[in-house]
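Overview (structure and organization)
Chain by chain, the residues run as shown.
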Amino acid sequence: MAIGIISAMPEEIEALLHSMAVTKTFRIGYAYLPSGTTF
Amino acid sequence: MRTYHQGQLFDKEVVLVFSRWGKVAAATTASHLIHDFKVNEIIFTGVAGSVDENVEIGDIIVGQNLYQHDMDASPLVKRFEVPLLHRSSFSTDPDKRERLLTACNEFLMHYDDYIPQKERERFSLQKPKVVLGDIASGDQFISTKSQIQFINTHLPSAVCVEMEGAAVAQVCFEYKIPFSIFRTISDKANDNAHIDFPAFAKRIASNYALGILRNYLNV
């Protein structure tokens, strides 16, 4: 079981990812954000 | 589309995701975390605008009760009450909240390690403090005196406003998932609020999230 961490700020996600050992990335959904947006 | 990052953060198994903005978007994100990733707890971070004159930019709000300030199904139910759930607010988990308060206070004790003096001066951060308080969420960007006055009048316990927290709190309530939230105050949510928001998010709020979550997860 994992802890879910939600951030309302993409900048926070980016900072946390620098400290995180990511094992898997999942993309869910079909509606894309405007091009250039990476979150 | 949402991107969920699964892995270890400060030696704890986590799934990290951007909520996107607004109540529906954030509720959808939380639902995915619960259904698809089976998380046993949700922590929510971000920034907020102060609606309390004693809450300053750089302060940290640890949420206690969360309201939807734009919920109004009257006369079917009273204003702010969420239909069918018979309640106007959703509370954070008491144990997680206490742990989060400790993590925030520890962060402030080592503030200089995260926020350089130059940045403190740039954003006029005086003596940041931790405030345990209520949060009002809604699908509106609160920026006028009349909007603040409305919240102060009708939800007097609310110390800050943002656009997602109460929605995630409701989802967690319905699924019995422990929920906690902290928000960094980025502005005073009034007509005079002018800060370099992207810079604040990158240089201040991001370091708050990092420092506080490190303390929280390292327990």
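This paragraph deals with the overall build of chain A. Helix and strand counts for chain A stand at 1 helix and 2 strands. The helix and strand sequence of chain A, counted from the amino end, reads β-α-β. Within chain A, the fraction of its 39 residues that count as buried is 31%.

Attention now goes to the overall build of chain B. When its secondary structure is counted, chain B shows 7 helices and 9 strands. In terms of overall size, chain B behaves like a compact globule, its C-alpha atoms giving a radius of gyration of 17 Å where 219 residues would be expected to give roughly 17 Å. On the principal axes, the C-alpha backbone points of chain B span a range of 55 × 40 × 35 Å. With 219 residues in all, chain B has 47% of them scored as buried.

The partner chain B presents 46 residues to the 32 residues of chain A that form the contact. Within the residue set of the side of chain A that touches chain B, elements represented by two or more residues are strand 1 (3–7), helix 1 (10–18) and strand 2 (20–28) of chain A. For the side of chain A that touches chain B, the per-class residue count stands at 22 nonpolar, 6 polar and 4 charged. One ladder, built from 5 bridges, connects strand 1 of chain A with strand 3 (residues 41–45) of chain B; its direction is parallel. Residue pairing across strands places Ile5 of chain A opposite Ile43 of chain B, the latter belonging to strand 3 of chain B.

All names here are of chain B. Counting residues in each nonpolar core, the largest one holds 72 residues, and the members touching the most others are Ile42, Ile61, Ala158, Cys160 and Val168. The element contributing the most residues to this core is helix 7 (residues 197–217), with 10 residues. The contact partners of Cys160, leaving out residues within four places of it in the chain, are Ala48, Gly49, Ser50, Val51, Val55, Ile61, Ile135, Arg183 and Ile185.

So, about the packing of helix 1 of chain A against helix 7 of chain B. One can describe the packing of helix 1 of chain A onto helix 7 of chain B by two numbers: an axis separation of 8 Å at closest approach and a directional angle of 50°. Judged on the interaxial angle alone, helix 7 of chain B and helix 1 of chain A are oblique. Both helix 1 of chain A and helix 7 of chain B take part in a crossing whose hand is right-handed. Where helix 1 of chain A abuts helix 7 of chain B, its residues Glu11, Glu12, Ala15 and Leu16 of chain A lie against Ala201, Lys202, Ala205, Ser206, Asn207, Ala209, Leu210 and Leu213 of chain B. Of the residues in the contact of helix 1 of chain A with helix 7 of chain B, the class split is 7 nonpolar, 2 polar and 3 charged.

Turning our attention to unusual backbone geometry. The omega torsion across Ser74 of chain B and Pro75 of chain B is 10°, close enough to zero to call that bond cis. Although it is not a glycine, Asp11 of chain B adopts a positive phi angle of roughly 70°.

Attention shifts here to the pairing of strand 3 of chain B. Residue and element names in this part refer to chain B. Counted residue by residue, strand 3 has 4 buried out of 5 residues, so it is predominantly covered. Where strand 3 meets strand 9 (residues 179–187), 3 bridges bridge the pair, whose relative direction is parallel. Paired with Ile43 across the two strands is Ser180, which belongs to strand 9.

Residues and elements named next belong to chain B. Residues of helix 5 (residues 145–154) that are buried: Gln147, Ile148 and Ile151. Taken down its axis, helix 5 places every buried residue within 100° of arc, on the same side. Turned more than 90 degrees off the buried face of helix 5, the exposed positions are Lys145, Ser146, Gln149 and Thr153. In this structure, the buried side of helix 5 is in contact with strand 7 (130–137) and strand 8 (158–162).

Residues and elements named next belong to chain B. With 8 of 9 residues buried, strand 9 is to be regarded as a mostly interior element. Pairing of strand 4 (residues 47–50) with strand 9 involves 3 bridges; the strand directions are parallel. Within strand 9, the position partnered with Ala48 by the bridge is Ile185. Where strand 5 (residues 60–68) meets strand 9, 3 bridges bridge the pair, whose relative direction is antiparallel. Looking at the pairing, Val62 lines up with Phe182 of strand 9.

Residue and element names in this part refer to chain B. With respect to the secondary-structure elements, Gln170 resides in helix 6 (residues 165–175). Along the primary structure Gln170 and Asp134 are separated by 36 residues, whereas in three dimensions their C-alpha atoms are 14 Å apart. In contact with Gln170, other than residues within four places in its own chain, are Val82 and Phe90.

Conventions used here
- Each chain carries its own residue numbering, running from 1 in the written order of its sequence.
- Labels follow written order: the first chain is A, the first ligand is 1, and so on.
- Only residues with pLDDT of 70 or above have their local features reported here, since the model is predicted, and side-chain atom pairs are shown and tallied only from 80 upward, although totals for entire chains, interfaces and linings are computed over all residues.
- The helix and strand labels rest on DSSP assignments: H or I over at least four residues marks a helix, E over at least two residues marks a strand, and numbering proceeds from the N terminus.
- Residue burial here comes from a neighbour count, namely the number of other C-beta atoms, placed from the backbone, that lie within 10 Å of the residue's own C-beta, with 20 or more meaning buried, 12 or fewer meaning exposed, and in between meaning partly exposed.
- In this setup the radius of gyration rests on C-alpha atoms only. A globule is expected at 2.2 Å times the number of residues raised to 0.38.
- This entry defines residue contacts through backbone-placed C-beta atoms, with two residues in contact when those atoms are within 7 Å.
- Charged residues are taken to be Asp, Glu, Lys and Arg, nonpolar residues to be Ala, Val, Leu, Ile, Met, Phe, Trp, Tyr, Cys and Pro, and polar residues to be all remaining types, Gly included.
- Between any two strands, pairing holds if DSSP finds at least two bridges.
- Residues of type Ala, Val, Leu, Ile, Met, Phe, Trp, Tyr and Cys that are buried and joined through C-beta atoms within 7 Å form what is called a nonpolar core.
- Between N-to-C directions, angles cover 0 to 180 degrees, with each direction set by a line fitted to C-alpha atoms, over the stretch in contact for helices.
- An angle below 35 degrees is treated as roughly parallel, one above 145 as roughly antiparallel, one from 65 to 115 as roughly perpendicular, and anything else as oblique.
- Rotating anticlockwise by less than a right angle from the far helix to the near helix defines a left-handed crossing, while the corresponding clockwise rotation defines a right-handed one.
- Directions pointing from the helix axis toward each C-beta atom define the arc.

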